[in-house]
Amino acid sequence: MAVYTDVGDEDLAAFIADYDIGELVSFKGIAEGVENSNFLLRTTAASFILTLYEKRVNEAELPFFIGLMQHLAGRGINCPTPVRARSGAALGRLAGRPAAIVTFLDGVSVRRPRLPHCAQLGVALADLHAAGADFAVHRTNALSLPGWRPLFERSADRADEVQPGLAAEIDAELGRLEAEWPKALPAGVIHADLFPDNVFFLGDDLSGLIDFYFACNDFLAYDLVICLNAWCFETDLQFNVTKARALIAGYESRRPLTPGERAALPLLARGAAMRFLLSRLYDWLNVPPGALVTPKDPIEYLRKLRFHQRVTGVGAYGMTP
Ligand SMILES: Nc1ncnc2c1ncn2[C@@H]1O[C@H](COP(=O)(O)OP(=O)(O)OP(=O)(O)O)[C@@H](O)[C@H]1O
Ligand SMILES: N[C@@H](CCO)C(=O)O
């Protein structure tokens, strides 16, 4: 359960007194998620999500995330909209952490995505990229190529505790990624963490996107392969090429990939697998004492990485070579 910070009743009452959101009816920690502390806040007016921003979120970057959600919501993307306090501020402080209240989205995430979910995800991702195209603020992706080796170095000496030989395997792959990573591809605002737990459906219809706290500027196709990794492997880690085809076709129904993007997909997918392998490895080795959180398995992403290392062309992703 991702609740790193407890919120006292009096602190909460004082915090929400600054907002015009009705009287508090109930308040409880949310089990899902690993990054921030999230609470479901029900008031006499509506339901909201209260987020306390934790370790990996840099406070100076919060205005980017808040501004982006507001921008995307204004462009018709169904995403959480920041609620402003009476002072006009969308960011406050609670229990010693930066905190914000955002609107609650109806819908549920799917544990085991099926083809229609993957197809709609592709469409929604392309729509998100289009809606973000005129967002004026820039945020460099801290978890792209230049960030991977420093992140690895924080786990390197203990990586083999997780799996013998892991440190050497990551080191070698990082070397290849550093040598081959594309220099120029279509770029813009990406979500960068659009896993099934961050996409809501009502029935089988995609109804909303959440968790924009890794959003940044990077290659658009990198966002697509993050989704490919998160949505198109089965629980036994077999790659489902039919889901990949549906995801990519959904995306291309809105924005066809360029020849350069198509050629780069296997490499981008390896990089995307490396990014989550490294963040999961670090978290696995550094669970904060007392936190109600279950770290995610880094080896799942090692196996996804190995799959993409064997890919020789986009046919493996269901595309016409
Ligand atoms: N705006 C929202 N509307 C409805 N539910 C929400 C909203 N935001 C968050 N939630 C709920 O809270 C959970 C955790 O939120 P979120 O994914 O943002 O947390 P996180 O700690 O950043 O997680 P992670 O980065 O691991 O996905 C979600 O799975 C969802 O159940
Ligand atoms: N979606 C991420 C957690 C947040 O970065 C993962 O599954 O590793």
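Residues numbered from 1 in each chain as written. Chains lettered and ligands numbered in written order. Predicted model: local features only at pLDDT ≥ 70, side-chain atom pairs only at ≥ 80, totals over all residues. Heavy atoms only, no water.

(A) Quick peek at the overall build of the chain. Check the secondary structure of the chain and you find 10 helices and nine strands. Taking 20 Å as the expected radius of gyration for a compact globule of 321 residues, we find that the chain reaches 20 Å, a close match to that expectation. Counting only C-alpha atoms and orienting by the principal axes, one finds that the chain spans roughly 60 × 45 × 35 Å. The buried share of the chain, taken over its 321 residues, is 53%. Across the chain, the fraction of contacts at a sequence separation of at least 24, relative to all contacts at a separation of at least 6, is 73%. Summed over its atoms, the accessible surface of the chain is roughly 13,900 Å², and 53% of this surface lies on carbon and sulfur atoms. Separation of charge centres in the chain, based on 31 positive and 38 negative side chains, amounts to 5 Å. (Helix = DSSP H or I, 4+ residues; strand = E, 2+ residues; numbered from the N terminus. Rg over C-alpha atoms; globule rule 2.2 N^0.38 Å. Buried < 20%, exposed > 50% of the residue type's maximum accessible area, 1.4 Å probe, protein only. Contact = heavy atoms within 4.5 Å. Areas by Shrake-Rupley, 256 points an atom, 1.4 Å probe, with all protein chains shown as cover. Lys, Arg positive; Asp, Glu negative; His and termini not counted. Charge placed at Lys NZ, Arg CZ, Asp CG, Glu CD.)

(B) Broad picture of the pattern of salt bridges. Across all of its chains, the model carries 18 salt bridges by this definition. The salt bridge partner of Arg 149 is Asp 171, with a shortest N-O separation of 2.7 Å. Here Arg 149, found in helix H4 (residues 145-153), pairs with Asp 171, found in helix H6 (residues 166-180); they are 22 residues apart in sequence, far enough to count as distant. Take Arg 149: its relative accessible area is 22%, and that puts it in the partly exposed class. A salt bridge links Glu 169 to Arg 306; the shortest N-O distance between them is 2.8 Å. Note that Glu 169 is positioned in helix H6 and Arg 306 in helix H10 (residues 298-310), a separation of 137 residues in sequence. Given the relative accessible area of 23%, Glu 169 is considered partly exposed. Each of the salt bridges in this network shares a partner with another, and the network as a whole consists of Arg 149, Asp 171 and Glu 178. (Salt bridge = Lys/Arg side-chain N within 4 Å of Asp/Glu carboxyl O.)

(C) Here's a closer look at the domain arrangement of the chain. Each assigned domain of the chain is listed with its residue range as follows: domain 1 (9-103) and domain 2 (115-317). Taking only C-alpha atoms, the centre of domain 1 and the centre of domain 2 are 26 Å apart. Taken together, the contact between domain 1 and domain 2 spans 21 residues of the former and 26 residues of the latter. Counting each side, the surface lost to burial between domain 1 and domain 2 is near 2,100 Å², with a carbon and sulfur contribution of 68%. In this structure, the connection of domain 1 to domain 2 is made through seven residue pairs in polar contact (both at pLDDT 80 or more). Split into classes, the residues belonging to the side of domain 1 that touches domain 2 amount to 11 nonpolar, five polar and five charged. (Domains from an automatic or database assignment. Buried area = accessible area lost by both parts, 1.4 Å probe. Polar contact = N/O pair within 3.5 Å; in protein donor to acceptor, adjacent residues only side chain to side chain. Nonpolar A, V, L, I, M, F, W, Y, C, P; charged D, E, K, R; others polar.)

(D) Seen up close, the sheet that holds strand E4 (residues 92-94). The strand order E1-E2-E3-E5-E4 describes an open sheet built from five strands, whose pairing is antiparallel. Two strands bound the open sheet, and with one partner strand each, they are strand E1 (24-29) and E4. In this sheet, adjacent strand axes meet at a mean angle of 35° when their direction is disregarded. Pairing geometry for E1 and strand E2 (residues 37-43), over five bridges, is antiparallel. Directly across from Lys 28, in E2, lies its bridge partner Leu 40. Docked against the sheet, helix H1 (residues 9-16) engages E1, E2, strand E3 (47-52), E4 and strand E5 (97-103), running at close to 165° with respect to E4. (Pairing = 2+ DSSP bridges. Axes fitted to C-alpha atoms, helices over the stretch in contact; angles between N-to-C directions.)

(E) Spotlight on the packing of aromatic side chains. This structure, assessed with the given rule, holds 16 aromatic pairs. On the basis of an interplanar angle of 45° and a centroid distance of 5.4 Å, the ring pair of Phe 15 and Tyr 19 is categorised as tilted. Per residue, the accessibility class of Phe 15 equals that of Tyr 19, and both read buried. Three or more aromatic residues joined by ring pairs form one cluster here, namely Tyr 53, Phe 64, Phe 65, Phe 135 and Tyr 213. One Lys or Arg, Arg 275, reaches over the ring of Phe 214 and ends 4.8 Å from the middle of that ring. Sitting above the plane of the Phe 276 ring, Arg 275 keeps its charged end 3.7 Å from the centroid. (Phe/Tyr/Trp six-rings, centres within 6.5 Å; stacked < 30°, edge-to-face > 60°. Lys NZ or Arg CZ within 6 Å of the ring centre and 35° of its normal.)

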